[in-house]
Amino acid sequence: MELFRDLLFQKYFLGWDRPLPTTAAQWLVDQFRVGKSLDLGNRLCVLPTTQTAVRLDELLRGVALQDGLRYSPPKIITAGELPERLYEPEKPIAIEFEQTLAWARVLQKQPDEKLAPLMPTLPESDSFAPWLEIAGTLRRLSTDLASHNVEFADVLDKVHTPAERVRWELLQTLHETYLGELSRAGLSDPFQQRQLAIKKRRIRFHQSLVLIGTSDLNESIAAMVKEAEGEVTVLIAAPQKREHDFDHLGRIKTEAFLHDELPLHDNQLVASGDISDQSLVAADLVRQLCQTYSKKQITVGLTDHSQLAPVEIELEDNSLSSYRHAGWTVAQTGPGKLIQLLTRLVARPTWQSLSAFVRHHDVHAWISKQSESKKDFLIDIDKLLADHFPIDVADSLPAFAIKSHPVAIDVRDRVVQWLHSFLPPNLLADSAPELITGRARKTRRPPIEQSSPISVWSERLRDWLHDVYSSSQTSPTDQNDENDLPQSETFAPEVAPTQQSLLPHRQLTDQAAKKVDELLLRFTELNGRLDVNVSPAMALETISARLADLRVSMERPDSDVEPPINLHGWLDLAMDDAPALIVVGFNHPFVPGAVTNDPFLPGSLRSELRLADNDRRYARDIYAMHLILHSRDHVRFVVGSNAADGSPTPPSRLLSAAPAEAVARRIRLLLGTHAPPTTNPFGSHQPRSVSDLGVPVVDVSECPIDSMSVTAFKSYLECPYRFYLRHVLGLKPLDDASGELAANQFGDLVHGALENFGLSKDKGETSESRIYDALLHHLEDYAKQRYGSKVRSAVQMQISQAQRRLKFVAQSQAKRIGEGWQIHATEASVNPSMGAAIEVDGKKMGLKGRFDRIDFHPELNRWAILDYKTHGSPPEKKHLRRKGESGKDNWIDLQLPLYREMIPYLGIEVPRDEVELGYFNVSDKEEETKINLASFSTEQLDAASELIRDCIRNIFACKFEPTEEMVLYDDYEMILQTGVPTRMLSRMDDEEVGV
């Protein structure tokens, strides 16, 4: 090593009036261009982020092309890629997961009492997940220390209390044991190898290094660069007058920037509200800037990942495409979500997790190819869940469900067989054996033990993903790329020629699939000494967690016609070269990002150890702000009041880098009554008075139905449009996520028990106790047929509630029988085939209906038609509603008047006016559980008869306009947009002024 090696580093200050990639590219051209040749082939350029590296490469190639130069490009990398280029490790470097496994192995080997200073409460010894989580924490701790060239022994010199000393002595011992564990496995820790390379003088890098904008280079890398034997050039984005504020590697000196005042003007700050408001403001500002700048010259900066999606959506709503340079995490892509859903299903194989799993696009496609049924299996699964509430996939289904939902059960069996490598044996035994025939039997592998190494599970998962994504053709985007793996060696999905419009999405899926394949391939090669036996659920959870941190991106569309708006993260903004910049979320805790305090390295200890602390972050971001403010023409900072999760977000501390009076003025500006996005001085966004999504119009010229049920009339009275959706188009709500019976299902439960009672020989019983026993028997039988023997606790409670109600029913039924009444018929029906119809204006509308119960009193020759209701209200309350000041009763339900119209078709040979109509109320209150006969007046019944005919007349005339009145328990509010605030407020205003 040369004496005073750091004095030999060549530093060049390129100023900060222009972006560093631009000035660095120009400096390299000016320095190394010889005639028509630009030879940078022997130079390694190191930049802080991937995006700045990409941009430098673009700029250099652009200059070479423009000037017609013979160009030998440099190797351009990020600072994180540099260390392993400077030396050769003595042993293979363990990947992060292998390091975590080594830490976990060390922890599990320790006696409980030894780990007490570290963790007062220890995980179960046979529970791997908690140990892995703790191991990950310790790996990150050791990495944090090592990246700053701090050893555990250095921390011991700084701690102040005996308890802290005991803890750090233990951590030092565990770290040494961890290194030994890796060594015995034939692997090494990367930071240990870097330190050894320095100590043993094994840094043998002779290429010329050019450090560009490495203002925050960590100590570990800096120590290695000092030992490099080649020429080191440092390019710094700052004016020459600030040369003393940077060290020999171009790193900022923290204390030099802590008291800087930024050249920030009040008109560069835009006050806003939550993330929705901030997105609106950003889109408005972009639209304004598009009048002056091209889209390529505009960048939107985001200080937190939660802002990405809202800003993207708002830009798209303004017909502005965007490109996120940070890309997506694998967890956000199709393959990543597929593994998450698989993990959930394997960890808990319930019908709910199965329902979520089969909704994934690729799973849905696989099942659609396998299934012979043309019926939509998702609808059948949803109906099974909504009607029968099954819990575990392995549970036996009730007979009624098996009969009603064969498609859903077929899908269950196919998925279980498809996932045979991951699911427990009892599920395989219960699924349909006939599915394992022919080709399926030939390709089916023998199941592996339920506790196996992660490497084995990784191989099985990789094979399974090949089954999901494999195809005989390559993607159109891959056909001319000789470097791509053959399709049989990776599971990149197929893209059909007819799917060209989906290519951007498919490219993202391809990239994610390759990332997943690479990780799984590496995991199949996990070091055998470090690998552990785990359950399939634990293995999938572990793999899924590792995939979540991987990032993928699509290629940026190269179009001058409609270029996308660039979306960058905060760390990329300082070196972005767009002349116009909008920063969203200029708030604490996003900027500057706080260093999280933890039990091992609190802020005070970090400062003593000279680790990256809050002061360092603040100084780093002050320097970044200098570059942002000095190097471009137009900058706006959107300062919000709330984050995406709703939490309050104060303005960034960087706004305090100003004179005291300016700080006070900004606080009043930003925390006072800020201008909402609709009146933002930089935009002209106006709120929409109506939704862009119109309500579909019913356009029919002929009556679409020839018969109506009792409930259909009630629907038409509520809203003709909703009547059309439900009774003509057959659109009905379906809730497959509920864990308990809906109101109508609870009613069906009670009705079912009473119906079966009325059809049995028990219907003539006179004893209250025997009637109750019979009702319980029929209730249990009905529930078992529909919900099986294993019932959700919420449903079981509802069954118990039904049992209590039936006790009250038994009392009323015994009294009814004692009065001489008999159950004549249960669930009797009337339909058009019997001639049931109402004629209006020479045309007939068929009638259909079912009657819960028809009673007959033989001695009095009296008849009664009763409808079971699981409430205590009398018929008048449910059929009539008093409106306005006139006090007139209007019909809102025509059930009993319609029953009156159908009496002639029931074989009841008495005048219909002599037949009693009413409810058998089955309430949760004893006093309300009774028979309530209707007492409608002749005038009311005549009005009902005329209203029935008016409904039919309007239906014949195809009148299906939406009602203007509010509909309670609306199943179609999404279609009619009744939940849109502007519509709701408009309706309230109309009501207030009497419109």
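Residues numbered from 1 in each chain as written. Predicted model: local features only at pLDDT ≥ 70, side-chain atom pairs only at ≥ 80, totals over all residues. Heavy atoms only, no water.

*Asks:* I would appreciate a short explanation of the pattern of salt bridges in the present structure.
*Replies:* Where charged atoms from two side chains of opposite charge come close, those side chains can pair. Enumeration over the complete set of coordinates arrives at 50 salt bridges. The partner of Arg242 in a salt bridge is Asp245, and the shortest N-O contact between them spans 2.7 Å. Given the relative accessible area of 12%, Arg242 is considered buried. On the basis of relative accessible area, Asp245 is assigned to the buried category, the value being 16%. Between Arg949 and Glu901 there is a salt bridge; the shortest N-O distance is 3.1 Å. One end of the pair, Arg949, is in helix 35 (residues 938-956); the other, Glu901, is in helix 34 (residues 895-902), with 48 residues separating them in the sequence. Glu901 gets classed as buried once you look at its relative accessible area, which sits at 12%. Look at the salt bridges and you will find they share partners, linking Arg105, Lys109, Glu181, Arg184 and Arg529 into a network. (Salt bridge = Lys/Arg side-chain N within 4 Å of Asp/Glu carboxyl O. Buried < 20%, exposed > 50% of the residue type's maximum accessible area, 1.4 Å probe, protein only. Helix = DSSP H or I, 4+ residues; strand = E, 2+ residues; numbered from the N terminus.)

*Asks:* What exactly am I supposed to notice about the pairing of strand 22 (residues 843-857) here?
*Replies:* The side chains of a regular strand alternate between the sheet's two faces. Counting buried residues along strand 22, 11 of its 15 residues qualify, which places the element largely inside the surrounding structure. Bridge count for strand 20 (residues 822-830) against strand 22 is 7 bridges, and the pairing is antiparallel. Bridging across to strand 22, Ala828 finds its partner in Phe851. One ladder, built from 4 bridges, connects strand 21 (residues 837-840) with strand 22; its direction is antiparallel. Paired with Val840 across the two strands is Lys843, which belongs to strand 22. Here strand 21 hands over to strand 22 after 2 residues, with Asp841 in that stretch at a positive phi of 55 degrees. With 5 bridges joining them, strand 22 and strand 23 (residues 862-869) adopt antiparallel strand pairing. When the bridges of strand 23 are listed, His857 appears paired with Arg862. (Pairing = 2+ DSSP bridges.)

*Asks:* How should the packing of aromatic side chains be read in this particular structure?
*Replies:* Both the distance between ring centres and the angle between the ring planes are used here to describe each pair of aromatic rings. The tally for this structure, following the rule as stated, stands at 25 aromatic pairs. Centroid distance Phe851 to Tyr899: 4.6 Å. Interplanar angle 45 degrees. Geometry classified as tilted. One end of the pair, Phe851, is in strand 22; the other, Tyr899, is in helix 34, and 48 residues separate them in sequence. Judged by its relative accessible area of 3%, Tyr899 falls in the buried class. With 4.4 Å between their ring centres and 35 degrees between their planes, Phe856 and Trp863 make a pair best called tilted. Pairwise contacts between aromatic rings join Phe13, Trp16, Phe246, Phe257 and Tyr623 into one cluster. (Phe/Tyr/Trp six-rings, centres within 6.5 Å; stacked < 30°, edge-to-face > 60°.)

*Asks:* Even after reading the chapter, I still don't get the packing of helix 3 (residues 96-109) against helix 7 (residues 162-184), so can you show me in this structure?
*Replies:* To characterise two packed helices, one gives the angle between the axes of the helices and the distance between these axes. Their axes nearest at 9 Å, the elements helix 3 and helix 7 cross at an angle of 120 degrees. The orientation of helix 3 relative to helix 7 falls into the category oblique. The crossing of helix 3 and helix 7 is right-handed. When helix 3 is examined against helix 7, the residues Glu98, Gln99, Ala102, Trp103, Arg105, Val106, Leu107 and Lys109 are found in contact with a partner set consisting of Leu174, His175, Thr177, Tyr178, Glu181 and Leu182. For the contact of helix 3 with helix 7, the per-class residue count stands at 7 nonpolar, 3 polar and 4 charged. (Axes fitted to C-alpha atoms, helices over the stretch in contact; angles between N-to-C directions. Parallel < 35°, antiparallel > 145°, perpendicular 65-115°, else oblique. Left-handed = near helix turned anticlockwise from the far one by under 90°. Contact = heavy atoms within 4.5 Å. Nonpolar A, V, L, I, M, F, W, Y, C, P; charged D, E, K, R; others polar.)

*Asks:* I would appreciate a short explanation of the packing of helix 13 (residues 334-347) against helix 23 (residues 536-547) in the present structure.
*Replies:* At a minimum axis separation of 9 Å, helix 13 and helix 23 run at an interaxial angle of 160 degrees. Overall, the two elements helix 13 and helix 23 adopt an arrangement that is roughly antiparallel. The handedness of the crossing between helix 13 and helix 23 is left-handed. Contacts between helix 13 and helix 23 involve Ile339, Gln340, Leu342, Thr343, Val346 and Ala347 from the former and Pro536, Ala537, Leu540, Glu541, Ser544 and Leu547 from the latter. Partitioning the contact of helix 13 with helix 23 into residue classes produces 8 nonpolar, 3 polar and 1 charged.

*Asks:* I tried to follow the sheet that holds strand 4 (residues 43-47) on my own but got confused; where do I start?
*Replies:* A sheet is described by the order of its strands in space; here 5 strands give the open sequence 1-8-7-4-6, paired in parallel fashion. Single-partner strands in this sheet number two, and they are strand 1 (10-13) and strand 6 (75-78). Between one strand and the next, the sheet's axes are offset by a mean angle of 20 degrees, whatever the strand orientation. Direction of pairing for strand 1 relative to strand 8 (residues 232-236): parallel, over a ladder of 4 bridges. Across the sheet, the residue bridging to Tyr12 is Leu235, located in strand 8.

*Asks:* Would you mind going over unusual backbone geometry with me for this structure?
*Replies:* One can expect most non-glycine residues to show negative phi and most peptide bonds to be in trans. Along the chain, His588 connects to Pro589 via a cis peptide bond; the corresponding omega equals 15 degrees. Of note, Pro589 is situated in the loop between strand 17 (580-584) and helix 25 (603-608). Cis geometry is adopted by the peptide bond preceding Pro592, which originates at Val591 and carries an omega value of -10 degrees. You can see Pro592 is positioned in the loop between strand 17 and helix 25. One non-glycine residue, Asn149, adopts positive backbone phi at about 60 degrees. Relative accessible area serves as the criterion here: at 34%, Asn149 is assigned to the partly exposed category. Positive phi outside glycine occurs at Ser319, with the angle close to 60 degrees. Its location among the elements puts Ser319 in the loop between helix 12 (308-317) and strand 11 (322-324). Residue classification places Ser319 among the exposed positions, given a relative accessible area of 62%.

*Asks:* Mind showing me how you'd approach the environment of Phe13 here?
*Replies:* For Phe13, the location among the structural elements is in strand 1. When the C-alpha atoms of Phe13 and Leu235 are compared, they prove to be 6.2 Å apart, with 222 residues separating the residues in sequence. Not counting the four nearest positions on each side in its chain, Phe13 is found in contact with Ile236, Ala238, Pro239, Gln240, Arg242, Glu243 and Phe246.

*Asks:* Can you help me understand the sheet that holds strand 10 (residues 298-302) in this one?
*Replies:* The strands that make up a sheet pair up through hydrogen bonds in the backbone, lying either parallel or antiparallel. Strand order in this open sheet of 6 strands is 9-18-17-10-16-11, and the pairing throughout is parallel. Sheet topology places strand 9 (269-271) and strand 11 at the edges, where each strand pairs with a single neighbour. The sheet shows a mean angle of 25 degrees between the axes of neighbouring strands, taken without regard to direction. Inspection of the sheet shows strand 11 paired to strand 16 (residues 565-569) by 3 bridges, in the parallel sense. Paired with Arg324 across the two strands is Leu567, which belongs to strand 16. Set on the sheet, helix 11 (residues 275-289) makes contact with strand 9, strand 10, strand 16, strand 17 and strand 18 (634-639); between it and strand 17 the angle comes to about 175 degrees.

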